[in-house]
Structure formats: structure tokens, C-alpha cells
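Observations on chain architecture
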Amino acid sequence: MAPHRVARRGRTALLSAVIAFAAANLSIWFVADCLDPGLREPQYGRKLAALKTQLGALAGRPLVLLLGTSRAAYGVRPDALGQAESPDSPLIFNFGILGGGPVYELLHFRRLLEEGIRPQAVIIEIHPALLNLPPEFLLVQTPPVEYCNAHDLELLSGCFGSQPSTWQEWLCCRAEACYRFRCEMMRRLAPRWLPDQTPNIYAVEKTTPSGWLPGPWPRPQDAVRQANAKVVRQVYAPCYRDFEISARPDRALREILALCRQKNIVAALLLMPEAEELRDEAVVAAQPEVERYVGELAREYGAEVFDASRWCDNSDFFDGQHLLPDGAVRLSERLGRRVLDNWIASHVQPRRSVPLIARRPVSQSKQ
């Protein structure tokens, strides 16, 4: 073949490959941002799908939504809360996310509202360590740009401000959507290609229909548990150094509570259990400020406070903060019996005439 024909065919093949890659990338971008949020944030997508399934199967029952971190995700088992299985009993769903915190809770709550999901009550977990965010925790407690679509980024920018570099990073992420979302696509299409199970993949595959995630750990020996708790203390040590309430978690929690008040959603604040092994001198010194702040939020927004911080024994935990499955059952039974029964009876009523999922008209402005 003549050299000029070889060159022309080479250019044509290269151009075709570039066009095919761009088309595939744009398609994945569109699906992740507009149709399937689980592609960009698998944990959220799994919980959202499970919640919608529950709402469809139990239409007409009032929804009680729990927002929280991994402490809540592992620690609260809705089907052990002891609520009666009658047509009028509430649907309690655990929307705790591994690695979450106040900003994640705000983002997920706003997304659910925009999906048309209207809970009658919301329980918001307060993680004391995450009320104070030193510089090394700010990045960890900010949702990565690949988790966000443009609207999420706009919401977060409105609440916390953003730099032009954030939008540039987001555009670069979307320009390589095939690479950024490869793990979730492989999990769905070719799971055997994935390496060993990671916590995020476990969270997607093992989440129960009620949103609870059973802890994957066997019961550790005392020495192992104490060593695990020591690691947790070290991780959170910067948060308890010169403890004070940081602006970002404070703003996020107030945004959630303000949305609840605006939409007539009953709100409560939940302090999850911690082992005594985590209560070193710095944690004990921060406790009065935590109590003052939580009480201030409760009074300002008319929220209940459920303080379960000392409800579990050291042996109920894997690492001082994450409950073992049997510990989660004991906590949930106690939480239902001592707190939720009366609270739900007082504030959550059947609402058959109002759909639990009702999308807004397209013409309605964004909140």
C-alpha cells in the first residue's frame, strides 16, 4: 500500500477512536449526572434505590429518615426498633453513609427532597469529633467533585463558597468519566475484574433493604478491640485539640434543620454511642461544649435530642465507635423502646392522602 494511503488510514483510525472515546465519555457523564447518581456515588445510589423500593412497597406509610455517618450506618437497624408492622406504622430508613458527616448529610438530604421524597421526620446524627474540623479534616469532610453533579456543586458553593479551581477540577473529572467511574461500572458489569472487596463496595452490596449495614467484622478479642480503639483515638485527636465548633459543620447542620422547619418536617438530633475506651482527657474536656452546642441547636430549631452516647458496653464495639451487628440490635431495641416509641407516636402520623414520593413540576424553580 502506498505510504500516503497508510497515513490517511492511520489518521482516520485515530480520529475515529477519539470520537468514539469522546462519545462514550459524554454518555457516561450524562448517565452519572442525570440518570444514575449511584454511578458517581455508589453508596448513595444503593441507599436511594433501597429507599424508593421501600416507599413503593409500603406506600402511604409515613417516612422517618436517619441521616448520619458510619456510626449510624452500622449501628441502627430499623427492623429492630420495635415499631409495629401495621399499615399506620412508620417506615424508618437508615441513610447513614460511610465516611459521612454534616456536609454529606446536607447534600444527601437536599438530593432526597429534590427527588420528591418527603419524610415526616428526620433524625440527624451528631458526631462530636466532626463538629471541629482542623485543616487535615476539611478535605475528608468535603464531598469529592466526582460525587457531585453541577447542581450539587452549585448548592455546596452557595453554602460554603468555592474557588474557580473547584469547577475546573469538576470539568476535568467529567472529561475522564470513563476512568473516574470505572470501579462502579466494573462492579456492575465485570465484578470478577475488581480487586479485593473495599469498604465502599461492601457498603453497596451488603446494605439491607432498610438501609442498615451490618458490620463485617468478627467479634474481636479485648486486646484487639482496645488496639482498634487506640487507632480511632489517634485519628480524631486533631479534632479534640483546642475544641471549638467549626463554621462548616455548623452551617450544614443549621441548613438541614432550617429545611426541616421550612417543610414542616419534625427533626431530632442523635448522639451515637462511643466506648469508654475513646473517652480520653481531651474528649471529656470537649463534652460540655458539645452539650452546649447540641442544646442550642435543639432549642433554636425545636428539635428533640436523643443522647445514646453511653448506651453500649465496650464489648459491643469493634473499635470503640462502630457497633458489631449484635450490638447494633441491642442499641436499636433500646432506642426504639426508650425514645422512638413515644416520639413517633407524638409527632409522626399516617399520611395516606399525601404521596411520599411526589416529583415537583418541571417548571417549578429549584430550591
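Residues numbered from 1 in each chain as written. Predicted model: local features only at pLDDT ≥ 70, side-chain atom pairs only at ≥ 80, totals over all residues. Heavy atoms only, no water.

**Focus: the overall build of the protein chain**
A tally of regular secondary structure across the protein chain gives 15 helices and 5 strands. The C-alpha atoms of the protein chain give a radius of gyration of 23 Å, which matches the 21 Å a tight globule of 367 residues would have. Taken along its principal axes, the extent of the C-alpha atoms in the protein chain is 85 × 55 × 40 Å. When the 367 residues of the protein chain are sorted by exposure, 51% land in the buried category. A sequence separation of at least 24 residues applies to 84% of the contacts in the protein chain between residues at least 6 apart. Accessible surface computed for the protein chain: about 17,700 Å², of which carbon and sulfur atoms make up 56%. (Helix = DSSP H or I, 4+ residues; strand = E, 2+ residues; numbered from the N terminus. Rg over C-alpha atoms; globule rule 2.2 N^0.38 Å. Buried < 20%, exposed > 50% of the residue type's maximum accessible area, 1.4 Å probe, protein only. Contact = heavy atoms within 4.5 Å. Areas by Shrake-Rupley, 256 points an atom, 1.4 Å probe, with all protein chains shown as cover.)

**Things to note about the sheet that holds strand 3 (residues 121–125)**
Strand pairing in a sheet relies on backbone hydrogen bonds, with the paired strands running either antiparallel or parallel. A sheet is described by the order of its strands in space; here 5 strands give the open sequence 2-1-3-4-5, paired in parallel fashion. A strand with exactly one partner marks an edge of an open sheet, and here the two such strands are strand 2 (91–96) and strand 5 (304–307). Each strand axis lies, on average, 20° off the axis of its neighbour in the sheet, ignoring direction. With 4 bridges joining them, strand 4 (residues 266–271) and strand 5 adopt parallel strand pairing. Bridging across to strand 5, L269 finds its partner in V305. (Pairing = 2+ DSSP bridges. Axes fitted to C-alpha atoms, helices over the stretch in contact; angles between N-to-C directions.)

**Looking at a positive patch on the surface**
On the surface, R5, R8, R9 and R11 cluster together to form a positively charged patch. Looking at the element boundaries, R9 is found in helix 1 (residues 3–35). The class for R9 is exposed, based on a relative accessible area of 58%. (Patch = residues over 30% accessible without salt bridge, like charges linked within 9 Å, V, L, I, M, F, W, Y side chains within 5 Å. Salt bridge = Lys/Arg side-chain N within 4 Å of Asp/Glu carboxyl O. Lys, Arg positive; Asp, Glu negative; His and termini not counted. Charge placed at Lys NZ, Arg CZ, Asp CG, Glu CD.)

**Here's the deal with the nonpolar core**
One finds L51, L65, F95, F109 and L269 to be the most contacted residues of the largest nonpolar core, which totals 61 residues. Sort the elements by how many residues they give to this core and helix 14 (residues 281–301) lands first, with 8 residues. Apart from residues no more than four positions distant in its own chain, L269 is found in contact with I124, I126, L257, V294, L297, A298, A303, E304, V305 and F306. Core analysis: the second largest hydrophobic core is formed by 27 residues, V64, L270, L331 and I344 among them. (Core = buried A, V, L, I, M, F, W, Y, C linked by side-chain atoms within 4.5 Å.)

**Remarks on the packing of helix 5 (residues 102–114) against helix 7 (residues 150–160)**
The N-to-C vectors of helix 5 and helix 7 enclose an angle of 130°; their axes lie 11 Å apart at closest approach. The orientation of helix 5 with respect to helix 7, classified from their angle, is oblique. Two packed elements cross with a definite hand, and for helix 5 against helix 7 that hand is right-handed. Together, V103, L106, L107, R110, R111 and E114 of helix 5 and H151, D152, L155, L156, C159 and F160 of helix 7 make up the contact between the two elements. (Parallel < 35°, antiparallel > 145°, perpendicular 65-115°, else oblique. Left-handed = near helix turned anticlockwise from the far one by under 90°.)

**A word on the packing of aromatic side chains**
All told, the structure shown has 9 aromatic pairs when counted by the stated rule. Aromatic rings pair up to connect W29, W167 and W170 into one cluster. When the ring centre of Y179 is taken as reference, the NZ or CZ atom of R182 above it lies at 4.0 Å. (Phe/Tyr/Trp six-rings, centres within 6.5 Å; stacked < 30°, edge-to-face > 60°. Lys NZ or Arg CZ within 6 Å of the ring centre and 35° of its normal.)

**With respect to the pattern of salt bridges**
What the rule picks out here adds up to 27 salt bridges. Its salt-bridge partner being E146, residue R180 comes within 3.2 Å of it at the nearest N-O pair. Pair noted here: R180 is in helix 9 (residues 177–180) and E146 is in the loop between helix 6 (135–138) and helix 7, with a separation of 34 residues, a long-range link. In this structure, R330 engages D316 in a salt bridge whose closest nitrogen and oxygen atoms are separated by 2.5 Å. One end of the pair, R330, is in helix 15 (residues 325–347); the other, D316, is in the loop between strand 5 and helix 15, with 14 residues separating them in the sequence. Note on R330: relative accessible area 41%, which makes it partly exposed. Overlapping salt bridges bring together D250, R254, E289, R292, E296 and E300 as one network.

**Topic: the packing of helix 3 (residues 42–57) against helix 5**
One can describe the packing of helix 3 onto helix 5 by two numbers: an axis separation of 12 Å at closest approach and a directional angle of 40°. Comparing their axes, helix 5 and helix 3 come out oblique. With respect to the hand of their crossing, helix 3 and helix 5 are arranged in right-handed fashion. Along the contact surface, helix 3 presents Y44, L48 and L51, while helix 5 presents H108, R111 and L112. Considered class by class, the residues forming the contact of helix 3 with helix 5 number 4 nonpolar, 1 polar and 1 charged. (Nonpolar A, V, L, I, M, F, W, Y, C, P; charged D, E, K, R; others polar.)

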